[in-house]
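Structural overview
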Amino acid sequence: MNMYLNFEKIPNQYKIKKEIIQNQFLINGKLVNWKGDLSPVYSTISSNKKYNPTKLGEIPNLGKKEAILALDSACDAFDKGKGIWPTMKVLDRIKAMENFVADMKTKRDVIVKLLMWEIGKNLNDSKKEFDRTVDYIYDTIEAYKQIDRDSAKFQKNSGINAHIRRGPLGIVLCLGPYNYPLNETFCLLIPALIMGNTVIFKPAKHGVLLITPLLQAFKKHFPPGVVNILFGRGRVLATPIMETGKVNVLALIGHSSSANALQESHPKKNRLRLVLGLEAKNPAIVLPDADLDLAIKECINGSLSYNGQRCTALKIIYVHEKIKDNFIKKFSKEVDNLNYGNPWDSNVMLTPLPEPNKPKYINSLVQDALKKGAKVMNKKGGEMCENYIYPSVLYPVTKDMQVYKDEQFGPVIPIISFKDINEPLNDMAESNYGQQVSLFGKDTKTLGPLIDTLVNLVCRVNINSSCQRGPDIYPFTGRKDSAFSTLSVRDALRSFSIRTFVASKDNDDNNKIIKDLLGSKKSNFVSTDYIL
């Protein structure tokens, strides 16, 4: 397959005209110049007819010393709960966040371009990721206002007056993923910050340069040490930070093996709160009465949107044996009709894979399945070049195949037929994962009992639609190895905070003190001010 464009055919506004040499990192409110080694950042997208990865720029290759400096900066900014940021009025933290997002919006074009080059996300989805992230920040601000409004009161019970609010947890280590390096990362970072925590943040390996246009905004709008941004290898930087025991929250979207290793390195695990979005193996279950055209459309979108590189992607499809032949035939044809191209091309769904070794890995899954009895059902399946492998529709897939066991996170679609609905249900119960499921069918007598079972195996059941995260107001979580804590706009604010309150016995002296505190506004915590 010829999957490259001549550089001259790349639209001028999307060309990489100058490498980004990012030789600074953010610590204690300062952009520190790095004089050590720089690591090159490449795109798997080629700018020439002959394939050659495109160098996008360079980032600092920081080490343990810089990691501990960032930790110390975050600790100093929190200052055992006395820091400016954790004790600040809610309204002032909100204002800082509003100023930040206003600056962020001016960087839309450059970040969208970097999303395309760094991770191969198509133009429309890159724009959506940026815009959705901005919307998420504004929604978080509004949700925090509502939480504060609900707390702007005193309660009395058993002779005790109480003023209950939510307070920060302390120091947050934030590690985001490459597939949504802006949106998913900020779904951790923004609620952690607005609740009064201080943060050490390391961008993902792929999608790292797109954070650099925002460094100045982080520096400008947050007090020194509140946001610290490091560049380098995750294990090199994160492990020594965790080993100190000073981190209060590990916020990570990635693989459970990384989360487990970092958690194990923390010496006081009972003090560590986890906010984790991990891997999943979301199935689709297509019942015999399903609307076939709708099911095929949703399964293609679910399995191949952004090349299947989403934790919410459909990674295995169960089809009832009565309709399997028709489903597989039509599904395979529609997969072969999908357009491949570079991210800025029109009507493109399939784009270059950002991980250099991913095509080889996906091919190994296909070859393993073929050796064990599966067939590639679509004509284009498995065609390869240096930065892509065309989606393979595999059938029949069995449990001994690696593609059944692995979260493939790429363009390969395993299909299993079933006679008895207990077959996919048993597989889901035995799985290490439990995020979502897509259920396709019409008969409510069948769907009702199924739903009652599925909600106990996963955390979201999608009726006649593909799995997804949004809308962000809805809970996003999972069972078993798929998640820990809940990420939605309101739930994330709760995940990065704790209920804390001031209590006083109901007597004249105490009531006078409370009244004076409210009137003098000497306390930012003891306040009944109502944010409009």
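Quick summary incoming for the structure in this document. (Residues numbered from 1 in each chain as written. Predicted model: local features only at pLDDT ≥ 70, side-chain atom pairs only at ≥ 80, totals over all residues. Heavy atoms only, no water.)

Time to look at the sheet that holds strand E4 (residues 38–46). Read from one edge of the open sheet, three strands run E1-E5-E4, paired in mixed fashion. Looking at which strands have only one partner, the edges of the open sheet turn out to be strand E1 (20–21) and E4. Along the sheet face, helix H4 (residues 108–119) touches E1, E4 and strand E5 (53–60) and points at about 85 degrees away from the line of E4. (Pairing = 2+ DSSP bridges. Helix = DSSP H or I, 4+ residues; strand = E, 2+ residues; numbered from the N terminus. Contact = heavy atoms within 4.5 Å. Axes fitted to C-alpha atoms, helices over the stretch in contact; angles between N-to-C directions.)

Taken as a whole, this structure holds zero disulfides when the rule is applied. In this structure Cys459 is not part of a disulfide, and its nearest cysteine sulfur, from Cys467, lies 12 Å away. Assessed through its relative accessible area of 37%, Cys459 is described here as partly exposed. With no disulfide of its own, Cys467 lies closest to Cys299 among cysteine sulfurs, the gap being 9.2 Å. Look at Cys467 and you get buried, because its relative accessible area is 1%. (Disulfide = S-S within 2.5 Å. Buried < 20%, exposed > 50% of the residue type's maximum accessible area, 1.4 Å probe, protein only.)

Here helix H3 (residues 90–105) crosses helix H6 (residues 183–194) at 145 degrees, and the two axes come no closer than 10 Å. From H3, Arg93, Ile94, Met97, Phe100 and Met104 reach across to H6, where they touch Phe186, Ile190, Leu193 and Ile194. In terms of residue class, the contact of H3 with H6 is built from eight nonpolar, no polar and one charged. (Nonpolar A, V, L, I, M, F, W, Y, C, P; charged D, E, K, R; others polar.)

A few words on the pairing of strand E7 (residues 160–168). Taking burial as the measure, the nine residues of E7 include seven buried ones, the bulk of the element. Of the strand pairs in this sheet, strand E6 (residues 155–157) and E7 are connected by three bridges, and their pairing is antiparallel. Residue Gln155 lies in a different strand from E7, and its bridge partner there is Ala162. Connecting the antiparallel pair E6 and E7 is a turn made up of two residues, with Ser158 showing a positive phi of about 55 degrees. Two strands pair when backbone bridges link them, and E7 and strand E25 (residues 497–505) are joined in this way by nine bridges, in the antiparallel orientation. The partner of Asn161 across the bridge, within E25, is Ser504.

So, on to the pattern of salt bridges. Tallying each qualifying case throughout the model produces 20 salt bridges. The closest approach of N and O atoms between Lys358 and Glu355, which form a salt bridge, is 2.9 Å. Classification of Lys358 by relative accessible area gives buried; the value is 7%. Judged by its relative accessible area of 25%, Glu355 falls in the partly exposed class. The closest approach of N and O atoms between Lys372 and Asp368, which form a salt bridge, is 2.9 Å. Judged by its relative accessible area of 36%, Lys372 is partly exposed. Given the relative accessible area of 18%, Asp368 is considered buried. (Salt bridge = Lys/Arg side-chain N within 4 Å of Asp/Glu carboxyl O.)

Looking now at the nonpolar core. Counting residues in each nonpolar core, the largest one holds 107 residues, and the members touching the most others are Phe186, Phe218, Leu230 and Leu250. What Phe186 contacts, discounting residues up to four positions off in sequence, is Phe100, Met104, Thr133, Tyr136, Ile137, Pro191, Ile211, Leu214 and Phe218. Residues Ile300, Leu338, Ile362 and Leu450 belong to the second largest nonpolar core, which totals 57 residues. (Core = buried A, V, L, I, M, F, W, Y, C linked by side-chain atoms within 4.5 Å.)

For helix H5 (residues 123–151), spanning 29 residues, the distance from its first C-alpha to its last is 42 Å, which sits close to the expected 42 Å at 1.5 Å a residue. N-cap assignment for H5: the residue whose side-chain oxygen lies 3.3 Å from the backbone N of Asn124 is Asn122. (Expected span 1.5 Å × (residues − 1). Polar contact = N/O pair within 3.5 Å; in protein donor to acceptor, adjacent residues only side chain to side chain.)

With that settled, consider the pairing of strand E12 (residues 273–277). Counting buried positions along E12 yields four of five residues, so the element is predominantly enclosed. Note: strand E11 (residues 249–253) against E12, five bridges, orientation parallel. Bridging from a neighbouring strand, Val249 pairs with Arg273 of E12. After leaving E11, the chain enters helix H9 (residues 256–265) and then returns to the sheet as E12, a path that is right-handed. Across two bridges, the pairing between E12 and strand E24 (residues 483–484) is antiparallel. (Right-handed = clockwise from strand over helix to strand, strands pointing away.)

Across the sheet, which stays open at both edges, the seven strands sit in the order E15-E18-E19-E14-E13-E21-E22 with mixed pairing between neighbours. Of all the strands in the sheet, the pair left with one neighbour each is strand E15 (375–376) and strand E22 (460–463). Of the strand pairs in this sheet, strand E18 (residues 392–395) and strand E19 (residues 412–418) are connected by three bridges, and their pairing is parallel. Within the sheet, the bridge partner assigned to Ser392 lies in E19 and is Val412.

As far as function goes, none of this settles anything; it's purely spatial.
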